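# Architecture and fold: a report
Take a look at the letters that make up each chain.
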Amino acid sequence: MSIEWVNLAIDDLRAWGRGRGVEVDADEIRLLCDYASDYLNVNELGDFVPATFDELLLSIYPRKVIAPPESAPETVAAARTLVDYLQESGAVSGETAALMRERLSDIATRMPGALADTANFGMAKSLFSSIGPESLEQSIAIPSGEVPDLGEAPCDCPGCTPRPAVRLPSPETLEAELRDVPLLAALDRGEVPYLSEVAEGEPLPRWAAVVAHLVERDTGGQVTGHPQVDEELYDLLDMLYRLQSPAPAAVAGDYLADRAEDTAVDVPAVLERLAWCGLLRLEDGTVALTPAAVWALREHYLALGLDAPQAPDLAEADARGLIEGLLDGVPTELAEDDISRWLAARPAGEAAAQLLAAASGAPAVARGIAVTIVDRLGAEAAGEVRPWLDDQELRPHAIHWLTARGLPAPALSQEELLWVSVDMLALATPAAADDPEMFAENIAASGPPAHLIEEMWRVDHPDVVEVLELLGRSLPDGTAAKAARKAAFKARSRGIR
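Residues numbered from 1 in each chain as written. Predicted model: local features only at pLDDT ≥ 70, side-chain atom pairs only at ≥ 80, totals over all residues. Heavy atoms only, no water.

The next point concerns the sheet that holds strand β1 (residues 247-248). Within the open sheet, the three strands sit side by side as β1-β3-β2. Their pairing is antiparallel. Two strands in the sheet have a free side with no partner beyond their single neighbour: β1 and β2 (280-283). The pairing of β1 with strand β3 (residues 286-289) spans two bridges and is classified as antiparallel. Across the sheet, A247 pairs through a bridge with V287, a residue of β3. (Pairing = 2+ DSSP bridges. Helix = DSSP H or I, 4+ residues; strand = E, 2+ residues; numbered from the N terminus.)

In this model, helix α25 (residues 478-493) (16 residues) spans 23 Å end to end at C-alpha, consistent with the 22 Å of a helix rising 1.5 Å per residue. The inward-facing, buried residues of α25 contact α23 (450-453) and α24 (464-474). Measuring from the backbone nitrogen of T479 back to the side-chain oxygen at the start of α25 gives 2.8 Å, which picks out D477 as the cap. (Expected span 1.5 Å × (residues − 1). Contact = heavy atoms within 4.5 Å. Polar contact = N/O pair within 3.5 Å; in protein donor to acceptor, adjacent residues only side chain to side chain.)

Right, let's get into the packing of helix α15 (residues 319-327) against helix α18 (residues 364-374). Relative placement of two packed helices is described by the angle separating their axes and the distance separating the axes. Contact geometry of α15 with α18 gives a least axis separation of 10 Å together with a crossing angle of 115 degrees. Here α15 and α18 pass one another in a crossing that is right-handed. Contact with α15, carried on its side by L322, I323, L326 and L327, involves V365, A366, I369, A370 and I373 of α18 and no other residues of that element. Broken down by class, the residue content of the contact of α15 with α18 amounts to nine nonpolar, no polar and no charged. (Axes fitted to C-alpha atoms, helices over the stretch in contact; angles between N-to-C directions. Left-handed = near helix turned anticlockwise from the far one by under 90°. Nonpolar A, V, L, I, M, F, W, Y, C, P; charged D, E, K, R; others polar.)

Attention now moves to the packing of aromatic side chains. Tallied over the entire structure, the rule returns four aromatic pairs. Ring centres of F48 and F53 lie 5.7 Å apart, and the angle between their planes is 25 degrees; on these two criteria the pair is classed as stacked. Since its relative accessible area comes to 1%, F48 is described here as buried. Each ring, one from Y234 and one from Y301, has its centre 6.3 Å from the other, and the planes form 85 degrees; the classification is edge-to-face. (Phe/Tyr/Trp six-rings, centres within 6.5 Å; stacked < 30°, edge-to-face > 60°. Buried < 20%, exposed > 50% of the residue type's maximum accessible area, 1.4 Å probe, protein only.)

On to the pattern of salt bridges, then. Close approach of charged atoms lets side chains of opposite charge pair. The full count for this structure, using the stated rule, is 23 salt bridges. With its nearest N and O atoms 2.7 Å apart, the salt bridge here joins R242 to D238. Here R242 and its partner D238 are both found in helix α11 (residues 233-243), four residues apart, which amounts to about one turn of the helix. What makes D238 buried here is its relative accessible area of 2%. The salt bridge involving R458 is made with E455; its shortest N-O contact spans 2.6 Å. Several salt bridges share partner residues, and in doing so they unite R167, D313, D337, D338 and R341 into one network. (Salt bridge = Lys/Arg side-chain N within 4 Å of Asp/Glu carboxyl O.)

Here the protein chain shows a mean pLDDT of 83. Residues at 70 or above account for 86%. Of all helices and strands in the protein chain, the one with the weakest mean pLDDT is helix α6 (residues 133-137) (32), whereas helix α19 (residues 382-385) scores best (96). The low-confidence segment residues 121-159 (pLDDT under 50) makes 102 contacts with residues lying over four places distant or belonging to another chain. (pLDDT = per-residue confidence, 0-100.)

Relative to the elements of secondary structure, E324 occurs in helix α15. Among the residues examined, E324 registers a relative accessible area of 44% and is labelled partly exposed. C-alpha of E324 to C-alpha of A366: the two residues are 42 residues apart in sequence and 7.6 Å apart in space.

A cluster of basic side chains, namely K482, R485, K486 and K490, defines a positive patch on the protein surface. If you trace the backbone, K482 turns up in helix α25. (Patch = residues over 30% accessible without salt bridge, like charges linked within 9 Å, V, L, I, M, F, W, Y side chains within 5 Å. Areas by Shrake-Rupley, 256 points an atom, 1.4 Å probe, with all protein chains shown as cover. Lys, Arg positive; Asp, Glu negative; His and termini not counted. Charge placed at Lys NZ, Arg CZ, Asp CG, Glu CD.)

This next bit is on a negative patch on the surface. Judged by side-chain charge, E23, D25, D27 and E74 come together as a negatively charged surface patch. Tracing the backbone shows D27 in helix α2 (residues 26-39).

A few words now on the pairing of β2. In the sheet, β2 pairs with β3 via four bridges, with the strands oriented antiparallel. Of the residues in β3, the one forming a bridge with L282 is V287.

A few words now on the nonpolar core. In terms of nonpolar packing, the biggest core is built from 53 residues, with L183, L195, W207, V210, L279, L280 and L289 touching the most fellow members. Here this core takes eight residues from α11, the largest share from any one element. Setting aside residues no more than four positions away along its own chain, W207 makes contact with L178, V181, L184, C277, G278, L279, A292, A293, W295 and A296. Residues F48, V76, A79 and Y85 belong to the second largest nonpolar core, which totals 37 residues. (Core = buried A, V, L, I, M, F, W, Y, C linked by side-chain atoms within 4.5 Å.)

Let us now look at the environment of V287. Residue position: V287 is located in strand β3. Using a relative accessible area of 1% as the deciding quantity, one classes V287 as buried. In this structure, the C-alpha to C-alpha distance between V287 and S245, residues 42 residues apart in sequence, is 8.6 Å. Discounting chain neighbours no more than four positions away, the residues touching V287 are L240, P246, A247, P248, A249, A252, L280, R281 and L282.

With that settled, consider the packing of α11 against helix α12 (residues 249-259). At a minimum axis distance of 11 Å, the contact between α11 and α12 shows a crossing angle of 155 degrees. As judged from the angle between their axes, α11 and α12 are roughly antiparallel. Along this stretch, α11 crosses α12, giving a crossing that reads as right-handed. Residues D235, L236 and M239 of α11 form the contact with α12, whose participating residues are A252, Y255 and L256. For the contact of α11 with α12, the per-class residue count stands at five nonpolar, no polar and one charged. (Parallel < 35°, antiparallel > 145°, perpendicular 65-115°, else oblique.)

Set out below in structure tokens:
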């Protein structure tokens, strides 16, 4: 999806609501915009049409979101607010908005049934899926590591901790970003005396020199307003470089405050100042390096003789390379862009065939990523999905894919239902290890019932023992947990590994 247009739309919508005293369910509307972008080719607000809401609320939402039927009025209300905004912002005409409201009145009577109808449940919502509403609906389940403890700075020794490979935008994109950096505009006006040594020149070399000066020279507090914080810039930026994804602004603030010794630090002001310098991006309570800062830091590392690898562009990889790259750990926003561009570069049928071929015989997590991406494709890929009905591991996924699009498909047998339940739970295992409490909460809401768990030991799946042991530890229902432990014992007795 195009995250940028959705973010801008939600920001404008919040401001519109505040100005009119309208209560805006921004999270629900963001979800609707995300799905419209992902599945209905809505790339801007003006792309919404009346029929969009039928598909969105009666098909996609019931398949993707774990929500009780009684929650339908809240979702329809959010959609009505979106329509009001679309009309008042000029994205759609009054006539179109009236047709949208007419559709929503009809949808309001039908959506509770759609949410309750198990035939609408997608793999992300099925009774044996345990990943949970948020994890399931993130664009892809990608290992990304934990937010590091910023209390300890990384060792300055070049050989200690390898820096991760980073993704770099094109030079054209970087130059466009630099044109909007207030620090550089102020430097052009001669208003930044502590950077007077930086020579004029081409935009990118000049920016690299600016960042090197900021992180290496004694700027005496002229950058952030605090001399001790200026001295810690290298370590702070280096840690964010290694993290590669947004960190809580409070965590970064605590780190800076600790390093300032007895001096009180106005953390929000410091972070805003670093954003003004073009180094940080502040958003929704998080802080991350700007793409331009990532590029300049990498240039600085290379100039120091340090190892700073560049990650390949996954959109240019084959299907196996795409999956393996995502498994290596990619920030969600980058993963979304990679996947979108990868799919855009080939016909839907070709994409499905390549992804499913790469998934065949792969571990559950890799298979789950491939199937999740294929689930974005429309019915035009059916000709390349249907042959995988003959593949034992991919058959249940292919059946689900075809059924979800109203295409002819065989019914899942009991054995296939059991196998795919284990397969989906195996996909959740890494997330369960990272956050056992969240997994337990999600499995309680959407996990398989005890009678299904009791039969899982029969499944010839390489991860069945691990899955059953995980359920035995995590299920809050004592009866279901006991059934899982007994089933794990039976599976081990069968020699299934």
